Each structure stands twice: as structure tokens, then as C-alpha cells.
Amino acid sequence: VVSPLVVAMRKAPDPGLQFSREQTLLTPEGRRIQRQWVYADSEDAGVRVNIVRGLTLFTNRDTDLSTFYVNPGAGFFDPLTGALVWLGIPLLLWRLRRAAPNDPRALMDRFAAVALLSLWMAMTFVVNKVPNFTRLLVLLPLAAYAALEALDQLGRRASAWMTPSGRRPWPIRDAVVGLGLL
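Quick summary incoming for the structure in this document. On a predicted model such as this, the values are computed, not experimentally measured, just so you know.

**A short note on the side chain of K129**
Here is step 1: As for its position among the elements, K129 is in the loop between helix 6 (104-125) and helix 7 (133-136).
Here is step 2: For the buried K129, no salt bridge is present, and the opposite-charge side chain at shortest range is E22, 6.5 Å distant.
Here is step 3: Residues within four places of K129 in sequence aside, it is in contact with Q23, I33, Q34, W37, N50, L65 and R135.

So this is what it looks like as C-alpha cells:
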């Protein structure tokens, strides 16, 4: 009773595999879809558009290509958050270089930096249709961590600059982080 079904399933094309092949720039099908998606003249031009949009993800104003989130003129991040992410990534890497071997915060910093950079690069160079906001949601907590790192460092610098030596420091750092979270 089951054998005809098994034979039919083994001979039928796998639609899931075809869909997967169309979602990556590593296959001819994916590059063809990317060229059509951005109305490029060639597959190479479509791939270049994808890479540029991926590398400028945090500050560009490209709208969602999956058309689930229709908000013309608005990118994945607002400009201030995008700038904070760009500032936070090198600050995070700089702090990692200076971290003590047993620093408990260094483990979280390493995770955030490696996860953010590897996922971001994969979304840029491997996956097509950037920016696809649904796919990019996995980057949000990691990018927020980088933005908070930037806010924390800006608050520390402002507090050190505004507090005269020998006096109790003002809560500038907390105010900068709090305002940034709003």
C-alpha cells in the first residue's frame, strides 16, 4: 500500500531544494533571481547591488525587498541607530583586544562580535534579496548590543570630560544610555 507513494515521492522533484537554491548567491539560480529582483542588466551587476546593500545595511535607506514591511524611504535602521552600530562595532572589537583573559563581559562581547560580523557577512555575500527585513531580524539584538556599546562609550567620555577631577562624577553615562534607549 505504501510502496507506490514511496516510489512517487522519490521520483518527484524536490521543490524545497529548488527554493533553497534560489535563495543564495552561490548558485546560478540564486544569481538569476537576484538579477531579476533588482532589475540588473547582468547577474554580476545584481550581485554587486546585493553586496553594496548588505555592506551599507546599517545606514542605507533601502526598503524591504520581501514587501512584507512596506515603509518607503525607511531602511532597516534609523540613521542614528545605524551610526551607533557603525561606531559600536569597532569599539566592541577594540575592547575585546584589551579585555583581560578572565573578564566575564569578554565572553558576551566575543559572542556578539563574532555572531554579528559572521551573520552580517553571510547576509551580504551569500544570501540574495538584501535587504529582506524578515531575514535580517536575527541581526537586531546583535546590532543593538553594538549600538549600546557605542552609547556606553560616549557616555563614559562625556562623563569624564564634564566631571572636574576630585569630584563625584555626574550620571552623564547613565543619561546618555537612557536617552539612547528611548
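**Quick word on the packing of aromatic side chains**
Here is step 1: Scanning all chains against the criterion turns up six aromatic pairs.
Here is step 2: Seen from their ring centres, F76 and F77 are 4.9 Å apart, and the 80° between their planes marks the pair as edge-to-face.
Here is step 3: A relative accessible area of 12% places F76 in the buried class.
Here is step 4: Taking 5.2 Å as the distance between ring centres and 55° as the angle between the ring planes, the aromatic pair formed by F76 and F133 counts as tilted. Placement of the pair is F76 in the loop between helix 4 (43-55) and helix 5 (79-98) and F133 in helix 7, with a sequence separation of 57 residues. With respect to burial, F76 and F133 carry one shared label: buried.
Here is step 5: The residue whose ring lies beneath K129 is W37, and the NZ or CZ to ring-centre distance is 4.4 Å.

Rules used throughout
- Residues numbered from 1 in each chain as written.
- Predicted model: local features only at pLDDT ≥ 70, side-chain atom pairs only at ≥ 80, totals over all residues.
- Heavy atoms only, no water.
- Helix = DSSP H or I, 4+ residues; strand = E, 2+ residues; numbered from the N terminus.
- Buried < 20%, exposed > 50% of the residue type's maximum accessible area, 1.4 Å probe, protein only.
- Lys, Arg positive; Asp, Glu negative; His and termini not counted.
- Salt bridge = Lys/Arg side-chain N within 4 Å of Asp/Glu carboxyl O.
- Contact = heavy atoms within 4.5 Å.
- Phe/Tyr/Trp six-rings, centres within 6.5 Å; stacked < 30°, edge-to-face > 60°.
- Lys NZ or Arg CZ within 6 Å of the ring centre and 35° of its normal.

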